[in-house]
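Notes for the structure review
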Amino acid sequence: MNNCRCSWVTNDEIYQNYHDEEWGVPVYDDHTLYEMLILESFHAGLSWLIILKKRDNFRKAFDDFNSEKIEKYDDKKIIKLLNNEGIVRHKQKIMAAIENTKIFHEIQKEFGSFSNYLWGFNNNKIIKNMDDNFQNRTALSDKISKNLKSRGMKFVGSVTIQAYLEAIGIFNNHQLKCYLYKKQG
Ligand SMILES: [Zn+2]
């Protein structure tokens, strides 16, 4: 079965399920877009599998990614997060998650939704892999990363944003050999 999937998918069941059910499926709801953005900011420098394995712990630690609550996290909560062995205990990333949340809310106010903002960069169109010529950053990820950084977001470099765009389906990057290539049209 593995040879029908994208090459990066290992035999790890958690990875296979993620690839089969989530990766590359277009996401339009702000809550999921927000959760994935925060998880990707923790992903920077680590493997996605590590993040996936910790995702439930992240959800518990971060109030089910309730952005209204996260925006108000204080020093006491930050210390609690730094002592939580179930998540990525990286002070700068935790601080950035809180700051990024404030900026996320500003974008929602400006564009009506974060989804409008994000999908608007490519006129609401999905980019599809045509030739398996994979790049870890693209013109689109450069543009979005630059815009997010200009607004003050951190841990949103172009490589991180490219991974994000693939995860949430703006950039459908299933390989030609993958059984989901045709299925996701
Ligand atoms: Zn695939």
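This one's a predicted model, so the numbers in the text were calculated from it and none came from an experiment.

Rules used in this analysis
- Residues numbered from 1 in each chain as written.
- Predicted model: local features only at pLDDT ≥ 70, side-chain atom pairs only at ≥ 80, totals over all residues.
- Heavy atoms only, no water.
- Donors = N, O, S within 2.8 Å, 3.2 Å for Na, K, Ca; no water.
- Tetrahedral: all angles 85-135°; square planar, octahedral: opposite > 155°, others 65-115°.
- Helix = DSSP H or I, 4+ residues; strand = E, 2+ residues; numbered from the N terminus.
- Buried < 20%, exposed > 50% of the residue type's maximum accessible area, 1.4 Å probe, protein only.
- Phe/Tyr/Trp six-rings, centres within 6.5 Å; stacked < 30°, edge-to-face > 60°.
- Lys NZ or Arg CZ within 6 Å of the ring centre and 35° of its normal.
- Core = buried A, V, L, I, M, F, W, Y, C linked by side-chain atoms within 4.5 Å.
- Contact = heavy atoms within 4.5 Å.
- Expected span 1.5 Å × (residues − 1).
- Arc of directions from axis to C-beta.
- Polar contact = N/O pair within 3.5 Å; in protein donor to acceptor, adjacent residues only side chain to side chain.

1. Looking at the coordination of the zinc ion
By definition of the ideal shapes, four donors in a tetrahedron about a metal sit 109.5 degrees apart, and six donors in an octahedron sit 90 or 180 degrees apart. Coordination sphere of the zinc ion, protein contribution only: C6 (SG), H19 (NE2), H174 (ND1) and C178 (SG), at 2.0 to 2.3 Å. Considering all four donor atoms around the zinc ion, the spread of angles at the metal, 102 to 119°, places the coordination shape in the tetrahedral class. When the donors of the zinc ion are listed by position in the chain, the intervening gaps give C-x12-H-x154-H-x3-C. In this pair, H19 is assigned in helix α1 (residues 13-21) and C178 in the loop between β2 (171-172) and α10 (179-183), connecting sequence segments 159 residues apart. The exposure class assigned to H19 is buried, which follows from its relative accessible area of 0%.

2. Digging into the packing of aromatic side chains
A complete count under the given rule lists 15 aromatic pairs for this structure. Centre to centre, the rings of F58 and F62 are 5.9 Å apart; their planes meet at 25°, and the pair counts as stacked. Through a chain of ring-to-ring contacts, the aromatic side chains of Y34, F42, F58, F62, F65, Y73, F104, F111, F114, Y117 and F121 assemble into a single cluster. In this structure, K128 is placed above the aromatic ring of Y181, and the distance from its NZ or CZ to the ring centre is 4.0 Å.

3. Some words on the nonpolar core
Formed by 52 residues in total, the largest nonpolar core has its most connected members in F42, F62, F114, L118 and Y164. Counting only elements with at least two residues in this core, the list comes to α1, α2 (30-43), α3 (48-61), α5 (75-82), α6 (91-111), α7 (114-120), α8 (139-150) and α9 (158-167). Here the element with the most residues in this core is α2; it accounts for seven residues. The residues contacting L118, other than those within four sequence positions of it, are L33, I144, Y164, I168 and I170.

4. Details of α8
With 12 residues, α8 extends 17 Å between its outermost C-alpha atoms, agreeing within 8% with the 16 Å of an ideal straight helix rising 1.5 Å per residue. Those residues of α8 not exposed but buried are L140, S141, I144, S145 and L148. All buried residues of α8 lie within an arc of 125° about the axis, which places them on one face of the element. Of the residues in α8, the exposed ones pointing more than 90 degrees away from the buried face are A139, K146 and S150. In this fold, the buried residues of α8 make contact with α6, α7, β1 (127-128) and α9. Two residues or fewer after α8 comes G152, characterised by a positive phi angle close to 110°.

5. Some words on the side chain of T160
Residue placement: T160 occurs in helix α9. Residues within four places of T160 in sequence aside, it is in contact with E40, S41, A44 and F155.

6. Description of the environment of D131
Structurally, D131 can be placed in the loop between β1 and α8. For D131, a relative accessible area of 51% puts it in the exposed group. For the pair formed by D131 and N173, sequence separation is 42 residues and the distance between their alpha carbons is 9.9 Å.

7. Notes on the side chain of Q16
Following the sequence through the fold, Q16 ends up in helix α1. Looking at Q16, its side chain comes within polar contact range of the main-chain oxygen of T10, at 3.2 Å.

Geometry only, nothing functional implied.
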